Amino acid sequence: MVLSSVRLHSLAGMWSNEGNHKGHHTNMIQSFIHRLLARRHFWRYASFDEVAELYASRVMRLLAQFMINMFVSIYLYQQGYSLVFITCYFAVSFLFRAAAVYPVARFVAKFGPKHAILVGNLLYIPALIAFPFVPDLGLPAIVMFGVFQSLSMVTFDLGYMVDFSKVKHVDHAGKEIGYMQIFERLTASLSPLIGGAIAFLIAPEATMWVAAVLFAVASVPLFKTKEQVRLNQKLDFKRFPWRDAWRTVRAETAVGFDVVASNFVWVLFITVVIFSSTGNDIYLTVGAFASVTVVTSLFSAYAFGRIIDWRHGGDLLRVATLANSMTHAFRAFVTAPAGVVAANIANEVATTGFAMAYLRGIFDTADGATGHRIVYLMFISIAMNLGAFLACVVFGTLLLLVPTTAMAFQLFFVCAAAYVLVAMTARFKLYR
């Protein structure tokens, strides 16, 4: 998993010819971002060209990631795997990710977050190559997909969090997180529809191949960027500020629980309970329902960013957490497509507000943990994946014990509504 700087430069050389063609698309995204935000001047440690390259890569990554992430569980269900098996697969995957965070953190400390982002993009490609072979190879293909996907997710996410934490500006962090969320939510809203259309019109496997190409394209801008942090660092645990960090680390488990509830379990609920479909049309249906939130996500991200910078982030965190809890409770009573649309819109607003206020608190804590930024974000990543693992264990247990599948889904959403409230125990210094 760990690549040396020499090998990274060698990879850059191998990709240079292909990158000239693929770079056209990323350059368009980079140019758009530059025109939109360059006059804001709120980047402290990096030039805006470097930040635009980072964001161009992020957008392409998310386009590929959300094209297929929502459909992995559906694809496995189509191939005849039981809900219990699929849940166990995700549980093991999240537990593996939690174990992988420490070596990934050492990689980030030694080579820098941008190298981690690059490696995270490249690691997803073999995962997507393996997954279409699930019908032929079965468990070996699933294991290969799970290992490479997990390593990719952990490596990319930790690298991106460290990098963004470093380059943001303290006085305008809410606005910067708002723009980050605008790019992310726009991409996350549209990409499931794109992926669903490809799966419906061609085949689910085609979505995997297209996503693999997009991950390759997402890596192109990163060959031009420089690291903004000191390299060859050592992870220091001796003077880590546990007093300031432990509550936020514990609360992060609620974020992981929410991720499983809002993505994996909710998608299966729509597939199995609401539409009861195993045909390829379900990809287009789920993608379309996920994309109805695009306008809501843009306005809410911008508005919440301003609220955070107006020093009301603590209020936003509490209100959004309560709204997120109520959304999960509402999901337990959804029985028709109209309810799916309502739940998706409500979840988009609540999750955006919660994520932005929560990220602002995390980045402020990371800034306060002088010399321990990577260590703190490492513990945050471990906690999130353990929370996701816990959610899978709860859902799997309900599937085994509850008489009907529909009731198991409903009881899980009630459990999710209760557990996400743990996020309110974070007690960020910024919001006191």
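Engineer: Looking at this structure, I do not really get the overall build of the chain. What am I missing?
Structural biologist: Each helix and strand in the chain was counted, giving 15 helices and zero strands. Taken across its 432 residues, the chain has 58% of its residues classed as buried. At a minimum sequence separation of 6, the contacts of the chain that also span at least 24 residues come to 86%. Total accessible area on the chain stands at roughly 17,500 Å², and carbon and sulfur atoms take up 65% of it.

Engineer: Whenever I open this one, empty space enclosed by the protein confuses me. Can you help?
Structural biologist: Unoccupied space between atoms shows up once a probe the size of one water molecule is rolled over them. Throughout the structure, instances matching the rule amount to three cavities of 30 Å³ or more. Around the second largest cavity, the lining residues are M67, I68, F71, Y75, A199, P204, T207, M208 and Y283. Only helix 2 (48-69) and helix 9 (204-219) provide two or more residues apiece to the lining of the second largest cavity. Top element by residues in the lining of the second largest cavity is helix 9. It accounts for three residues. When the residues that make up the lining of the second largest cavity are grouped by side-chain class, the tally is eight nonpolar, one polar and no charged.

Engineer: Looking at this structure, how should I read the environment of D258?
Structural biologist: Summarising the element assignment, D258 is placed in helix 10 (residues 242-274). Classification of D258 as buried rests on a relative accessible area of 7%. The sequence separation of D258 and V420 amounts to 162 residues, and the corresponding C-alpha distance is 6.4 Å. D258 has contacts with N324, H328, T351 and V420, leaving out every residue within four places of it along the chain.

Engineer: What am I meant to see in the packing of helix 4 (residues 83-111) against helix 5 (residues 113-130) here?
Structural biologist: Angle between the axes and distance between the axes: these two values describe a pair of packed helices. For the pair helix 4 and helix 5, the least separation of the axes is 7 Å and the interaxial angle reads 130 degrees. Relative to helix 5, the element helix 4 lies oblique. On the side of helix 4, the interface is formed by F107, V108 and F111, while helix 5 contributes P113, H115, A116 and V119. Within the contact of helix 4 with helix 5, the residues separate by chemical class into six nonpolar, one polar and no charged.

Engineer: Just to check I follow, could you spell out the pattern of salt bridges for this structure?
Structural biologist: Side chains bearing opposite charge may pair, as long as their charged atoms lie close to each other. In the structure shown here, the tally under the stated rule is one salt bridge. For D315, the salt bridge identified is with R318, shortest N-O distance 2.5 Å. You can see D315 and its partner R318 sitting in helix 12 (residues 294-331), three residues apart, about one turn around the helix. Judged by relative accessible area, which is 40%, R318 ranks as partly exposed.

Engineer: For this particular structure, what's the right way to read the side chain of T155?
Structural biologist: When you line up the elements, T155 lands in helix 7 (residues 139-167). Among the residues examined, T155 registers a relative accessible area of 2% and is labelled buried. A polar atom in the side chain of T155 sits 2.6 Å from the backbone oxygen of L151.

Engineer: Would you explain the packing of helix 10 against helix 13 (residues 337-368) in this entry?
Structural biologist: As a packed pair, helix 10 and helix 13 sit with axes 12 Å apart at the nearest point and diverge in direction by 160 degrees. Taken together, the axis directions place helix 10 and helix 13 in an arrangement best described as roughly antiparallel. In terms of crossing hand, the pair formed by helix 10 and helix 13 is left-handed. Taking contact as the criterion, the partners of D244, T248, A251, E252, V255, D258, S262, W266, I270 and I274 in helix 10 are, on helix 13, P337, V340, A343, N344, N347, T351, F354, Y358, I362 and T365.

Engineer: Help me out: how do you make sense of helix 5 in this one?
Structural biologist: Spacing of three or four residues puts side chains on the same side of an α-helix, whose turn is 3.6 residues. Helix length check: helix 5 (18 residues) gives 27 Å between terminal C-alpha atoms against 26 Å at 1.5 Å per residue, within 8%. Along helix 5, 17 of the 18 residues are buried, which leaves the element largely enclosed by surrounding structure.

Engineer: Teacher, can you tell me more about the environment of A197 here?
Structural biologist: Mapped onto the secondary structure, A197 falls in helix 8 (residues 173-201). When its relative accessible area of 22% is taken as the criterion, A197 is described as partly exposed. Separated by 84 residues in the primary sequence, A197 and D281 place their C-alpha atoms 8.7 Å from one another. Other than its neighbours up to four places away in sequence, A197 contacts I202 and L284.

Engineer: How should I be thinking about unusual backbone geometry in this particular structure?
Structural biologist: For residues besides glycine, phi is generally negative; the peptide bonds are generally trans as well. Phi is positive for R427, close to 55 degrees, though the residue is something other than glycine. Assignment of secondary structure puts R427 in the segment after helix 15 (405-419). Residue class for R427 comes out partly exposed when judged on its relative accessible area of 49%.

Engineer: I would appreciate a short explanation of the packing of aromatic side chains in the present structure.
Structural biologist: How two aromatic rings sit relative to each other is set out by the distance from centre to centre and by the angle between their planes. Inspection of the entire model under this criterion finds 22 aromatic pairs. Among the aromatic residues, those joined into a cluster by ring pairs are Y89, F90, F257, F264, W266, F269, F395, F409, F412, F413 and Y419. In this structure, K110 packs its charged tip against the face of F111, placed 5.7 Å from the ring centre. Over the ring of W266 we find R331; its NZ or CZ atom is 4.6 Å from the centre of that ring.

Engineer: Can you help me understand the confidence of the model for the chain in this one?
Structural biologist: Caution applies to low-pLDDT regions: their predicted coordinates should not be interpreted in detail. Overall, the predicted model of the chain reaches an average pLDDT of 78, with 72% of residues at or above 70. Within the chain, no element has a lower average pLDDT than helix 1 (residues 5-37), which sits at 44, and none a higher one than helix 15, at 96. Within the model, pLDDT remains below 50 along residues 1-23, and this stretch shows 32 contacts once partners closer than five positions in the same chain are excluded. Of the regions scoring below 50 in pLDDT, residues 169-173 engages in twelve contacts with residues more than four places distant in sequence or in other chains.

Scoring rules and cut-offs
- Residues numbered from 1 in each chain as written.
- Predicted model: local features only at pLDDT ≥ 70, side-chain atom pairs only at ≥ 80, totals over all residues.
- Heavy atoms only, no water.
- Helix = DSSP H or I, 4+ residues; strand = E, 2+ residues; numbered from the N terminus.
- Buried < 20%, exposed > 50% of the residue type's maximum accessible area, 1.4 Å probe, protein only.
- Contact = heavy atoms within 4.5 Å.
- Areas by Shrake-Rupley, 256 points an atom, 1.4 Å probe, with all protein chains shown as cover.
- 1 Å grid on protein atoms, 1.4 Å probe; cavity = no way out; pocket = protein on both sides within 12 Å on 5 of 7 lines; lining within 4 Å.
- Points joined across faces, edges and corners; volume = space filled by probe spheres on them.
- Nonpolar A, V, L, I, M, F, W, Y, C, P; charged D, E, K, R; others polar.
- Axes fitted to C-alpha atoms, helices over the stretch in contact; angles between N-to-C directions.
- Parallel < 35°, antiparallel > 145°, perpendicular 65-115°, else oblique.
- Salt bridge = Lys/Arg side-chain N within 4 Å of Asp/Glu carboxyl O.
- Polar contact = N/O pair within 3.5 Å; in protein donor to acceptor, adjacent residues only side chain to side chain.
- Left-handed = near helix turned anticlockwise from the far one by under 90°.
- Expected span 1.5 Å × (residues − 1).
- Phe/Tyr/Trp six-rings, centres within 6.5 Å; stacked < 30°, edge-to-face > 60°.
- Lys NZ or Arg CZ within 6 Å of the ring centre and 35° of its normal.
- pLDDT = per-residue confidence, 0-100.

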